[in-house]
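# Fold and geometry: a report
Residue-level listing of the chains:
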Amino acid sequence: THKKAVERVKEPSYFFALKKYQDRLLEFYAKHPTFVAPASRMNEVVSFVKGGLEDLSVSRTTFNWGIPVPDDEKHVMYVWFDALANYWSAIQGSPDLQRYWPPNLHVVGKDILRFHAVYWPAFLMAAGMSDDELPKQIFAHGFLTVNGQKMSKSLRNTVKPVALAEAFGVDAVRYYLMRAVAFGQDGDFSFADLVQRFNSELGNSLGNFLNRVLPQVLKLTGGSFPAIGELTDLENGLLTEVENACLVSSAAFDAIAPHRALDAVFALLGSANQYIDKAAPWTAAKQGNKERVGTILATCLQVLEAVSVMLWPVMPKTSDSLRKQIGLAAVDPKNDLDLWPSKVRARIPGEALGQPAPLFPRIDKDKEAEIMSVLGLSEIGAEAPAKVAEENKAEKKEAK
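The structure contained in this document is the topic of the report that follows.

This paragraph deals with the sheet that holds strand S2 (residues 36-37). Taken together, the 3 strands give an open sheet; going across it, the order is S2-S8-S7, and neighbouring strands pair in parallel fashion. Edge strands, defined here as strands with exactly one partner in the open sheet, are S2 and strand S7 (106-109).

So this is what it looks like as C-alpha cells:
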C-alpha cells in the first residue's frame, strides 16, 4: 500500500495459537454466512482461512509503548491484540452497558477486515465464548478515489474534508457519500457529481418541494396546519407510497445499504412533486375550494414529516431544520423508542407552522469555481490522466 520495500526483522515474541482455531472458524462461517458483508468480503475471509492459518505474533520487544505482557515486562502487547479486546472490556463496567454484547455490527475498513473477521473471533473463542456470544456481523466498507483517479499530492486532488463540509454543509457531504457510493464497495468522489446532486436532488427534489408547500400554506391557510377533507385517489396513492418508502428504506438501513434507503426517500419526493402538480392547490384556491386546498397541503406536510424522519440518520441537521419549518420538534432518538414513520401520522388542524427558509441554496457556476479554488481542485483537468500514468510508472520502477 505504501510502496516501501519490505524490511525483515527478528525479535522474541509470544504467539497466539491461531491455527488451532482454523476448523472452528470455518465451521462458524458456514453456519453464519452473513457474518461478513458484503458477500465478496466473506469469500475473501473464507479463502484466507482455508489457505491455512499460522500462529500469530502478539507481542513486541523492539519498543516499549503499549500494554506490558503479564509476567514479562520486556514485551508489550501487539496493538491488534489489546485493541480488539477493548470492544468487550470497555462495556464491563455496568450491567446497562453489558447488554450491548454481543454487538450486532462492526463497521470497518476493508483493509482491517482480517483482524476483525479472523483474529477477533478466534480470540473470543479462545476466551471461552460460544458462537452465540460472537459479534453478529462484520461489515467492510471500501475506499474512495477522486474523479476516477487515486488521491495524489502531485495531482492536487486530495480532498480537504473540513473545507468540503464548510462549503457544502456536513449533511450534504454525508448525503453525497451515502447516496453516490454503494456502501461496501470502492467508490469515486466527484466534485462535479457532488454539485449536481446538491442542486438537483437536495435543492430541487427536497428543498423545492418544501418551498412549494409551506409558502402556499402560509398564504392560503393562515400559517397553521390545515384541516383535511375528503381524500381522492391522488392523496390515497401518495400516502400509500409514503408507507411503502418507509418499509423499503427501513429494510435498506438494516441491510447496511444507505444508498438504497436514500433512493427510496427521493423516489417518494419525486412522486410528491408530481402530486402537487396534479393536485394544483393554487387552482382549487382560485375556485374558492378551501377544503380541497387544505387537504392537498396537509397531505404534502404529512409527506414532509415522514421524509424528515427517514432522512435523519444521514442528515440530522437538515431533518431538524425541515421539521422546525413544518412546526415539529427536532427528532429526539432514544433507545427502545421507535420513531420510524411506518404509518402516516394524523396531525391536529390548527397546529402552528414555522417560517420558510431555503434548505439548499443553489450553487451556480461562480460559486462552484470559488469552492473548487478553496478545495485546491481547480487544477484538475485533461492533463491529469497523463500525470497519473507517469506517477504510476515511477512507482513501479521504484518498487523494482
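Applying the stated criterion across every chain, the model contains 19 aromatic pairs. Ring geometry for Phe 139 and Phe 183: centres 5.4 Å apart, planes at 10°, overall stacked. Here Phe 183 lies in the loop between helix H7 (170-180) and strand S10 (187-189) and Phe 139 lies in strand S8 (residues 138-141), a separation of 44 residues in the sequence. A relative accessible area of 4% places Phe 139 in the buried class. Overall, Phe 183 belongs to the partly exposed group, its relative accessible area being 22%. Ring centres 5.2 Å apart and planes at 50° place the aromatic pair Tyr 175 and Phe 266 in the tilted group. With Tyr 175 in helix H7 and Phe 266 in helix H10 (residues 258-279), the pair connects residues that are 91 residues apart, well separated along the chain. No difference in accessibility class separates Tyr 175 from Phe 266, as the two residues are buried. Here the aromatic residues Phe 16, Tyr 21, Phe 81 and Phe 123 are joined through ring pairs into a cluster of three or more.

Next up on the list: the nonpolar core. The nonpolar side chains of a soluble globular protein tend to be buried with one another. Core analysis: the biggest nonpolar cluster contains 59 residues, and Phe 168, Leu 206, Phe 209 and Val 307 have the highest contact counts within it. Put simply, the parts of the chain that give this core at least two residues each are helix H6 (161-168), H7, helix H8 (191-221), helix H9 (233-254), H10, helix H12 (290-311) and helix H14 (365-375). Here the element with the most residues in this core is H12; it accounts for 12 residues. Residues in contact with Phe 209, not counting those within four places in the same chain, are Asn 204, Leu 269, Ala 272, Asn 273, Ile 276, Cys 300, Val 303 and Leu 304. Counting 33 residues, the second-largest nonpolar core is a separate cluster that includes Tyr 29, Val 49, Trp 120 and Met 129.

Where H6 meets H7, the axes come as close as 6 Å, and the angle between the chain directions of the two elements is 110°. The orientation of H6 relative to H7 falls into the category roughly perpendicular. Packed against H6, whose contacting residues are Leu 164, Ala 165 and Phe 168, the element H7 presents Val 170, Ala 172 and Val 173 at the interface. Among the residues making up the contact of H6 with H7, the classes are represented as 6 nonpolar, no polar and no charged.

This part takes up the packing of H10 against H12. At a closest axis distance of 11 Å, the pairing of H10 and H12 adopts a crossing angle of 170°. Viewed along their axes, H10 and H12 adopt a mutual orientation that is roughly antiparallel. Contacts between H10 and H12 involve Leu 262, Val 265, Phe 266, Leu 268, Leu 269, Ala 272, Tyr 275, Ile 276 and Ala 279 from the first element and Arg 292, Thr 295, Ile 296, Thr 299, Cys 300, Val 303, Val 307, Met 310 and Leu 311 from the second. A class-by-class count of the residues in the contact of H10 with H12 yields 15 nonpolar, 2 polar and 1 charged.

What follows concerns the pattern of salt bridges. Applying the stated criterion to the full structure yields 18 salt bridges. Its salt-bridge partner being Asp 277, residue Arg 212 comes within 2.2 Å of it at the nearest N-O pair. Pair noted here: Arg 212 is in helix H8 and Asp 277 is in helix H10, with a separation of 65 residues, a long-range link. Its relative accessible area of 45% is what places Asp 277 among the partly exposed residues. If you follow the salt bridges from partner to partner, you end up with Arg 179, Asp 193, Arg 197, Glu 201 and Asp 263 in one network.

Analysis parameters
Residues numbered from 1 in each chain as written. Predicted model: local features only at pLDDT ≥ 70, side-chain atom pairs only at ≥ 80, totals over all residues. Heavy atoms only, no water. Pairing = 2+ DSSP bridges. Helix = DSSP H or I, 4+ residues; strand = E, 2+ residues; numbered from the N terminus. Phe/Tyr/Trp six-rings, centres within 6.5 Å; stacked < 30°, edge-to-face > 60°. Buried < 20%, exposed > 50% of the residue type's maximum accessible area, 1.4 Å probe, protein only. Core = buried A, V, L, I, M, F, W, Y, C linked by side-chain atoms within 4.5 Å. Contact = heavy atoms within 4.5 Å. Axes fitted to C-alpha atoms, helices over the stretch in contact; angles between N-to-C directions. Parallel < 35°, antiparallel > 145°, perpendicular 65-115°, else oblique. Nonpolar A, V, L, I, M, F, W, Y, C, P; charged D, E, K, R; others polar. Salt bridge = Lys/Arg side-chain N within 4 Å of Asp/Glu carboxyl O.

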